[in-house]
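# Architecture and fold: a report
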Amino acid sequence: MAFILGSGSPRRLDLLAQLGITPDAVSPPEINEDPRPGELPRSYCARISREKVAAVQAAPDDIVLCADTTVALGRRILGKPADAGEAAEFLHALSGRRHRVITAVAVRRGDRLWERDVVSQVKVKRLSDVEVNSYLATDDWKGKAGAYAIQGPAGAFIPWIAGSFTGIVGLPLAETAALLAAAGHPKFKGVA
Ligand SMILES: Cc1cn([C@H]2C[C@H](O)[C@@H](COP(=O)(O)OP(=O)(O)OP(=O)(O)O)O2)c(=O)[nH]c1=O
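Residues numbered from 1 in each chain as written. Predicted model: local features only at pLDDT ≥ 70, side-chain atom pairs only at ≥ 80, totals over all residues. Heavy atoms only, no water.

Applied cut-off: UniProt positions are given in the numbering used here, feature names are shortened, and annotations may be inferred rather than shown by experiment.
An unreviewed UniProt entry annotates the protein as dTTP/UTP pyrophosphatase of Ruegeria aquimaris. What UniProt records for the protein under Subcellular location (unreviewed entry) is the sentence "Cytoplasm". Recorded in UniProt for the protein, the comment headed Cofactor (unreviewed entry) runs: "a divalent metal cation".

Structure follows, in structure tokens:
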């Protein structure tokens with residue numbers, strides 16, 4: 001049995017390390033992450049994590065873990081911003097409002113699949129143009145769904161959350177541990 005992390009996200013590697021798990025291999029899948037017309041954020045997020053885990057090459061006994069983090073403003077999906085202009089648009093849209101951050105986790109072993117999604121709520125304070133511009137200058141928004149990362153300088157913009165902090169960062173640890181135990185990861189022997 002090898003444990004394969006199907007993710008190029010350094011956050012997910014760090015969060016797994018918090019559980020005391022180091023993957024035997026890291027193998028980020030290449031899939032099309034475009035939402036389908038009219039697709040709602042939660043079903044989109046679950047579909048993408050499932051497609052990611054299906055796209056990773058593995059032996060029948062290997063355990064593969066993938067996840068997807070989606071920022072949802074109402075029915076709108078805010079993906080990773082293409083450039084600073086789009087990041088500014090996202091941050092202004094999030095300013096002074098609550099939104100949801102969904103992280104779906106999928107674990108596969110052979111043709112068996114275990115999945116969970118975790119929905120958290122995040123409140124962003126009202127942001128001035130100066131705050132948005134100084135955050136954009138940090139480049140911390142790059143590669144982050146919704147154009148921010150709560151674990152970075154944007155933490156200063158977030159007075160309140162409800163849900164899973166690790167889920168917002170990219171991998172909800174309680175649910176991930178439960179999925180890995182169900183799939184028979186040796187770290188959780190005797191737990192499931
Ligand atoms: C909202 C939020 C997102 N993010 C990150 C987590 C994810 O890495 C990223 C969302 O993109 P994802 O598509 O979930 O993941 P990824 O492309 O980084 O990695 P891979 O598909 O290979 O697993 O945004 C934070 O780090 N902090 C936050 O507060």
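So, next bit.
### Side note on the site of the ligand
Here is the rule we go by: Near, as used in this document, describes a residue that has one of its heavy atoms within 4 Å of the molecule or strand being considered. By the criterion applied in these results, polar contacts are pairs of N or O atoms within 3.5 Å in which, for protein atoms, one can donate a hydrogen and the other can accept it, and in which residues neighboring in sequence qualify only through two side-chain atoms. Per-residue and other accessible areas were derived by the Shrake-Rupley procedure at a 1.4 Å probe size, with only the shown protein chains allowed to occlude residues. In DSSP terms, a helix is any run of H or I states spanning at least four residues, a strand is any run of E spanning at least two, and both are numbered starting from the N terminus. For this classification, the nonpolar set comprises Ala, Val, Leu, Ile, Met, Phe, Trp, Tyr, Cys and Pro, the charged set comprises Asp, Glu, Lys and Arg, and every other residue, Gly included, is treated as polar.
Near the ligand there are 20 residues, and of these Ser7, Gly8, Arg12, Lys52 and Lys80 occur at the shortest range. In this structure, Arg11 approaches the ligand through a side-chain N or O atom, which is 2.7 Å from an oxygen atom. Asp68 has a polar side-chain atom sitting 3.3 Å from an oxygen atom of the ligand. Relative to its unbound accessible area of 610 Å², the ligand is 94% covered by the protein chains. If you list the elements that add at least two residues to the shell around the ligand, you get helix H1 (10-18), strand E3 (63-73) and helix H5 (165-169). It is E3 that contributes the most residues to the shell around the ligand, 3 residues altogether. Of the residues belonging to the shell around the ligand, the class tally is 7 nonpolar, 6 polar and 7 charged.

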